[in-house]
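These are the residues of each chain, in order.
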Protein chains: 2
Amino acid sequence: MTITLADIKRARRTIAGHVLRTPMLPAPPLSALTGADVYVKYENLQVTNSFKERGACVKLAVLSADERRRGVIAMSAGNHAQAVAYHARRLSIHATIVMPVTTPFVKVKATEALGATVVLSGETVMEAQIRAEAIAAERDLVWVHPYDDAEVIAGQGTIALEMLEDVPDLDILVIPIGGGGLIAGNAVAARGVKPEIEIVGVESALFPSMWNAIHRGNRPCGGATLAEGIAVAKAGTLTLPIVRELVADIVLVEEIFIERAVNCFLTLQKTIAEGAGAAGLAGMLAAPERFAGRKVGLILCGGNIDPRILASIVVRELEREDRVVSFRLTIPDRPGVLGQIAGRLGELGANILDVAHHRLFLDVPAKGAKLDITMETRDAAHAEEILRALTADGYAPERMRSGATLQ
Amino acid sequence: MTITLADIKRARRTIAGHVLRTPMLPAPPLSALTGADVYVKYENLQVTNSFKERGACVKLAVLSADERRRGVIAMSAGNHAQAVAYHARRLSIHATIVMPVTTPFVKVKATEALGATVVLSGETVMEAQIRAEAIAAERDLVWVHPYDDAEVIAGQGTIALEMLEDVPDLDILVIPIGGGGLIAGNAVAARGVKPEIEIVGVESALFPSMWNAIHRGNRPCGGATLAEGIAVAKAGTLTLPIVRELVADIVLVEEIFIERAVNCFLTLQKTIAEGAGAAGLAGMLAAPERFAGRKVGLILCGGNIDPRILASIVVRELEREDRVVSFRLTIPDRPGVLGQIAGRLGELGANILDVAHHRLFLDVPAKGAKLDITMETRDAAHAEEILRALTADGYAPERMRSGATLQ
């Protein structure tokens, strides 16, 4: 094994005082939801809101005086960028971060605010990577790889040491997989401390690169995933053999589970997970029987999600639960009708969120109109009651999906 | 003083193992925002997501065998209801919770799920209170007051003991005030352990009941506040003298600061605060000079906020930051125009969220139309750049506020 428990214990001493020892707390609502006994490790509470600080901190701490003087470079559009920038500034090392030109502006700004020099280059991650390697060679900078680096892997593994210190009798750790640095480090740490513990990886079904490598599969990699933090098309060369040896299995999760998991963390645990950060819970939601009755440690590995996307996930979930519903009514186009309907909905206890009139549909009489109403209801039974009442009133309501406009 | 440090230390032994010892963590982004050195106590991570469990746990634990057999009653539409229900079930005590009929259905369901008998009665909190008192007398139930109770106050005060254990050199505690139970208990605890610490209270400007009592003022109480958890019209009789003696001052916060504080916890700290839970931070945002340069402990006292309201707060804040903007354009009503405009916005890097055509306005020619477009931009400068480009293209764009429909 290229990384040992001793390496991770050393990494733990390195990060002490520089990286937060995050809370590890029981999550009764998630336990009720999944049938397992769930504990959450809140890595989203790190200063830059992800676990990536651990690996970056260790990597930067072991650089020679000469390497520190030369400065470091990393390619990342996400959490690794901020983690490297933050710890480089703390250690007075100059950091260059190469990001694809498509990187959201807030992420560029956040990384610059941490003192790094940001180079925007390349339409894709691959192009940005090529540019970053060229700059590294040209300026003699030290490369900080996000996962395929022994120091980085050892740094990430410190999470499991803390988890097992706080809750020694965990049966399973559920860990998201992108390039594999997080799961590799924590598999070595956890199974080093407690050989019988099971390590389960979770990968986005759109990017099953580690699953492919382990199973000699060739599922396609690509697509717009909410879990962009683990959208990695090729497993790491250092991480793959560790995963092969120490990880029990890999659950592939569809987008719907990732979205639900983000929403569950928000509504049930009152905490913000980005898509990749919620992937572990998504794996439990996708395969609850795998975990039922067991004591499960979930790494909530990051919380950097676009607030608008988050708002949209919340509203979409309310629609799925029939707590935000839209009906299209057929109405006579004369004064007072909207008032009647609005009054009726008020009596029924529905809270109107949005109204739109349409007069151009051909399936209504020339003097008729369609009225789209989006409203807030108590639950599915309440939505059904309103549908029946509007039908009885003669408005011929049709249920419309995706009625909320903010998506 | 009716409640002493010894009472609170005793309460701490009572709750040990039954109430979570919540994390107390540095909050660098909030420190950068406010100019103070901010630490957050995450009471929103309690099982029922608020600090109310502490007081309820202590109160229920000290009941006699006879009182336990009779059962308890409380009036609450919010966190106190769930806290009493949860700890009553744990102790096998029957709990009756009276809630106003206007209580959101999810809160009723959550309280029932914890095993309590919920009685919906009264249009207002006052009416529900009268009904609850009648039921208590009729059925000989033990009253569990949300704040005007020495055991409850002692329970709430355990928070400050934990905060000062974790961060002994705090200069100030900032604590929301509703009836005053939270601040009274924690003022006794904190000043008992560390006499020089300052206690600052924060009240909603719409419900300045404690401020009125302290300052012999008569500001009106009432209105729709986001911080419904601290919307209390009359200060407690046990809590008022404690606040008068131990609290340095009370900051009154307008709704806009409460809303911003909820959003800051979400976007910067990746955690969910309800309005009342964010009131402490709101106080810091409203009066930053009061706290600048000091080491401040914030009690994030609850996380139970309606997800739709939360989504709406996020989108409203994006609008305020000009990251979601709406323009009304005047366009010729002929084929291809929308395509041209959409293409132009794409070139400019704006992401279209919503489009609506209007043909009935009289200030456009009969063959013209108005087009409302809501889009996502990078920031205010980007929004300005788009406005200029659309003006140069001849669309006479007008900026519209509150463009996002989900509010």
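These figures come from a predicted structure and were not determined experimentally. (Residues numbered from 1 in each chain as written. Chains lettered and ligands numbered in written order. Predicted model: local features only at pLDDT ≥ 70, side-chain atom pairs only at ≥ 80, totals over all residues. Heavy atoms only, no water.)

## Description of the overall build of chain A
And step 1. Check the secondary structure of chain A and you find 17 helices and 14 strands.
And step 2. Expressed as lengths along the three principal axes of its C-alpha atoms, the size of chain A is roughly 80 × 50 × 40 Å.
And step 3. For chain A, with 407 residues in total, the buried portion stands at 58%.
And step 4. In chain A, 72% of the contacts between residues at least 6 apart in sequence involve partners at least 24 apart.
And step 5. Accessible area for chain A stands at about 15600 Å²; split by element, carbon and sulfur atoms hold 54% of it. (Helix = DSSP H or I, 4+ residues; strand = E, 2+ residues; numbered from the N terminus. Buried < 20%, exposed > 50% of the residue type's maximum accessible area, 1.4 Å probe, protein only. Contact = heavy atoms within 4.5 Å. Areas by Shrake-Rupley, 256 points an atom, 1.4 Å probe, with all protein chains shown as cover.)

## Focus: the interface of chain A and chain B
And step 1. Of the residues lining the interface, 39 residues belong to chain A; the matching set on chain B comes to 39 residues.
And step 2. A buried area of about 3400 Å², summed over both sides, lies between chain A and chain B, and 68% of it is on carbon and sulfur atoms.
And step 3. A per-residue breakdown of the area chain A buries against chain B is headed by A:Lys270, A:Pro307 and A:Arg308, which together make up 20% of the total.
And step 4. Where chain A packs against chain B, one counts four salt bridges.
And step 5. Where chain A touches chain B, the interface holds nine residue pairs in polar contact (both at pLDDT 80 or more). (Buried area = accessible area lost by both parts, 1.4 Å probe. Salt bridge = Lys/Arg side-chain N within 4 Å of Asp/Glu carboxyl O. Polar contact = N/O pair within 3.5 Å; in protein donor to acceptor, adjacent residues only side chain to side chain.)

## Focus: the environment of A:Ala116
Residues and elements named next belong to chain A.
And step 1. Tracing the backbone through its elements, the reader meets Ala-116 in the loop between α6 (105-113) and β5 (117-120).
And step 2. For the pair Ala-116 and Lys-41, spaced 75 residues apart in the sequence, the C-alpha separation amounts to 28 Å.
And step 3. Non-local contacts of Ala-116, meaning those with residues more than four positions away in its chain, are made with Ala-85, Ala-95, Ile-97 and Thr-111.

## Description of the side chain of A:Glu53
And step 1. In this fold, A:Glu53 is placed in helix α3 (residues 52-61).
And step 2. Contacts of A:Glu53, omitting those with residues within four sequence positions, involve A:Val19, A:Gln46, A:Val47, A:Thr48, A:Ala83, A:Tyr86 and A:His87.

## Some thoughts on the packing of aromatic side chains
And step 1. Tallying each qualifying case throughout the model produces zero aromatic pairs over all chains.
And step 2. In this structure, B:Arg290 is placed above the aromatic ring of B:Phe291, and the distance from its NZ or CZ to the ring centre is 5.8 Å. (Phe/Tyr/Trp six-rings, centres within 6.5 Å; stacked < 30°, edge-to-face > 60°. Lys NZ or Arg CZ within 6 Å of the ring centre and 35° of its normal.)

## Side note on the relation of the copies chain A and chain B
Each copy of the chain is related to the other by a rotation around an axis and a translation along that axis.
And step 1. Overlaying chain A on chain B yields an RMSD of 0.0 Å, the required transformation being a rotation through 180° with an accompanying axial translation of 0.0 Å. With respect to symmetry, the two chain copies, as superposed, fit the operation of a two-fold axis.
And step 2. Interface overlap between copies: 100% of the residues of chain A at the interface are likewise at the interface in chain B, consistent with a symmetric, same-surface contact. (Least-squares fit on C-alpha atoms with pLDDT ≥ 70 in both.)

## Points about unusual backbone geometry
Residue and element names in this part refer to chain A.
And step 1. Within the chain, Ser-92 stands out as a residue other than glycine whose phi angle is a positive 55°.
And step 2. Relative to the helices and strands, Ser-92 resides in the loop between α5 (79-90) and β4 (95-99).
And step 3. Exposure remark for Ser-92: the relative accessible area of 67% places this residue in the exposed category.
And step 4. Despite not being glycine, Asp-322 shows a phi value in the positive range, around 60°.
And step 5. Counting through the fold element by element, Asp-322 comes out in the loop between α15 (307-320) and β11 (324-332).
And step 6. The exposure class of Asp-322 is buried, given its relative accessible area of 13%.

## Some points on the sheet that holds β4(A)
Residues and elements named next belong to chain A.
And step 1. The parallel open sheet is built from four strands, whose spatial order is β5-β4-β3-β6. Lying at the two open borders of the sheet, with one neighbouring strand each, are β5 and β6 (142-143).
And step 2. Direction of pairing for strand β3 (residues 72-75) relative to β6: parallel, over a ladder of two bridges. Bridging from a neighbouring strand, Val-72 pairs with Val-142 of β6.
And step 3. Packing of helix α7 (residues 125-139) onto the sheet brings it into contact with β3, β4, β5 and β6, and relative to β3 it is tilted by some 170°. (Pairing = 2+ DSSP bridges. Axes fitted to C-alpha atoms, helices over the stretch in contact; angles between N-to-C directions.)

## Some points on the pattern of salt bridges
Residue and element names in this part refer to chain B.
And step 1. Counted according to the given criterion, the structure contains 52 salt bridges over all chains.
And step 2. Where Glu-165 meets Arg-12, a salt bridge forms, and the shortest distance between an N and an O atom there is 2.7 Å. With Glu-165 in helix α9 (residues 158-166) and Arg-12 in helix α1 (residues 5-15), this residue pair connects regions lying 153 residues apart in the sequence.
And step 3. For Glu-165, a relative accessible area of 46% corresponds to the partly exposed category.

## A closer look at the packing of helix α1 (residues 5-15) of chain A against α3(A)
Residues and elements named next belong to chain A.
And step 1. For the pair α1 and α3, the least separation of the axes is 9 Å and the interaxial angle reads 90°. The pairing of α1 with α3 is recorded here as roughly perpendicular in orientation. When α1 is examined against α3, the residues Ala-11, Thr-14 and Ile-15 are found in contact with a partner set consisting of Arg-54, Cys-57, Val-58 and Ala-61.
And step 2. Broken down by class, the residue content of the contact of α1 with α3 amounts to five nonpolar, one polar and one charged. (Parallel < 35°, antiparallel > 145°, perpendicular 65-115°, else oblique. Nonpolar A, V, L, I, M, F, W, Y, C, P; charged D, E, K, R; others polar.)

## Quick notes on the state of the cysteines
All names here are of chain B.
And step 1. Tallying each qualifying case throughout the model produces zero disulfides over all chains.
And step 2. Its sulfur unpaired, Cys-301 is 16 Å from the next cysteine sulfur, which belongs to Cys-264.
And step 3. When its relative accessible area of 5% is taken as the criterion, Cys-301 is described as buried. (Disulfide = S-S within 2.5 Å.)

## Here's the deal with the sheet that holds strand β11 (residues 324-332) of chain B
Residues and elements named next belong to chain B.
And step 1. As summarised here, the arrangement of the four strands in space is β12-β13-β11-β14, forming an open sheet in which the pairing is antiparallel. Across the chains shown, the open sheet's two edge strands, defined by having one partner strand only, are β12 (351-358) and β14 (398-400). Recorded for the sheet is a direction-independent mean angle of 25° between the axes of neighbouring strands.
And step 2. Pairing geometry for β11 and strand β13 (residues 368-376), over nine bridges, is antiparallel. Paired with Ser-326 across the strands is Thr-374, a residue of β13.

## With respect to helix α6 (residues 105-113) of chain B
All names here are of chain B.
And step 1. All of the buried residues along α6 are Lys-107, Val-108 and Thr-111. The buried side chains of α6 occupy one side of the element, clustering within an arc of 100° when seen end-on.
And step 2. Summarising the contacts, the buried residues of α6 are in contact with α5 (79-90), β4 (95-99) and β5 (117-120).
And step 3. One or two steps after α6, the chain reaches Gly-115, where phi turns positive at roughly 95°. (Arc of directions from axis to C-beta.)

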